Amino acid sequence: MIRSTPPQVEQGALYNSTQAAGLLGVHRNHLLRYVKTGKIHPRLDKVTGRKVFEAAELTRFWNSRI
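The structure presented is a predicted model; accordingly, all values stated were derived computationally and were not measured. (Residues numbered from 1 in each chain as written. Predicted model: local features only at pLDDT ≥ 70, side-chain atom pairs only at ≥ 80, totals over all residues. Heavy atoms only, no water.)

1. Considerations on the sheet that holds strand β3 (residues 51–54)
Sheet architecture is open: three strands sit in the order β1-β3-β2, paired in antiparallel fashion. This sheet does not close on itself; its edge strands, each paired only once, are β1 (14–15) and β2 (43–44). By the bridge criterion, two bridges tie β2 to β3 in an arrangement that is antiparallel. Bridge pairing in β3 places Leu44 opposite Lys51. (Pairing = 2+ DSSP bridges. Helix = DSSP H or I, 4+ residues; strand = E, 2+ residues; numbered from the N terminus.)

2. Thoughts on the pairing of β3
In terms of strand pairing, β1 meets β3 through two bridges, oriented antiparallel. Within the sheet, the bridge partner assigned to Leu14 lies in β3 and is Glu54. Hairpin connection between β2 and β3: a loop of six residues separates the two successive antiparallel strands, and Gly49 in this loop has a positive phi of roughly 75°.

3. What about the packing of helix α1 (residues 17–24) against helix α3 (residues 55–65)?
The interhelical angle for the contact between α1 and α3, taken along N-to-C directions, is 40°, at an axis separation of 11 Å. At the point where α1 passes α3, the crossing takes the right-handed sense. Note on element contacts: α3 touches α1 through Leu58, Phe61 and Trp62, opposite Ala20, Leu23 and Leu24. Here the contact of α1 with α3 is composed, by residue class, of six nonpolar, no polar and no charged. (Axes fitted to C-alpha atoms, helices over the stretch in contact; angles between N-to-C directions. Left-handed = near helix turned anticlockwise from the far one by under 90°. Contact = heavy atoms within 4.5 Å. Nonpolar A, V, L, I, M, F, W, Y, C, P; charged D, E, K, R; others polar.)

4. Regarding α3
Residues of α3 that are buried: Ala55, Glu57, Leu58, Phe61 and Trp62. Seen along its axis, α3 keeps its buried residues to an arc of 165°; they face one direction. Buried-residue contacts for α3 involve β1, α1, α2 (28–36) and β3. (Buried < 20%, exposed > 50% of the residue type's maximum accessible area, 1.4 Å probe, protein only. Arc of directions from axis to C-beta.)

5. Focus on α2
Within α2, burial applies to Leu31, Tyr34 and Val35. In an axial view of α2, the angular spread of the buried residues amounts to 105°, which keeps them on one side of the axis. Exposed residues lying more than 90 degrees from the buried face of α2 are Arg33 and Lys36. Remark: Gly38 follows α2 within two positions and exhibits a positive phi of approximately 80°.

Rendered as structure tokens:
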């Protein structure tokens with residue numbers, strides 16, 4: 001269940017999967033399931049090659065779920 005209060009994110013910040021899941025109040029596996037189904041869209045970090053989530057995307061996703 002996604003937390004009932006909006007995620008407290010910093011404008012322009014990038015969050016890894018674990019941080020993003022914590023901000024949304026879901027398990028990391030659930031977050032990755034949302035990615036697979038196209039409900040949330042990560043960005044690929046060019047340096048590490050890992051998925052990162054923009055603050056605006058986390059807020060958009062939270063607003064669409066409530």
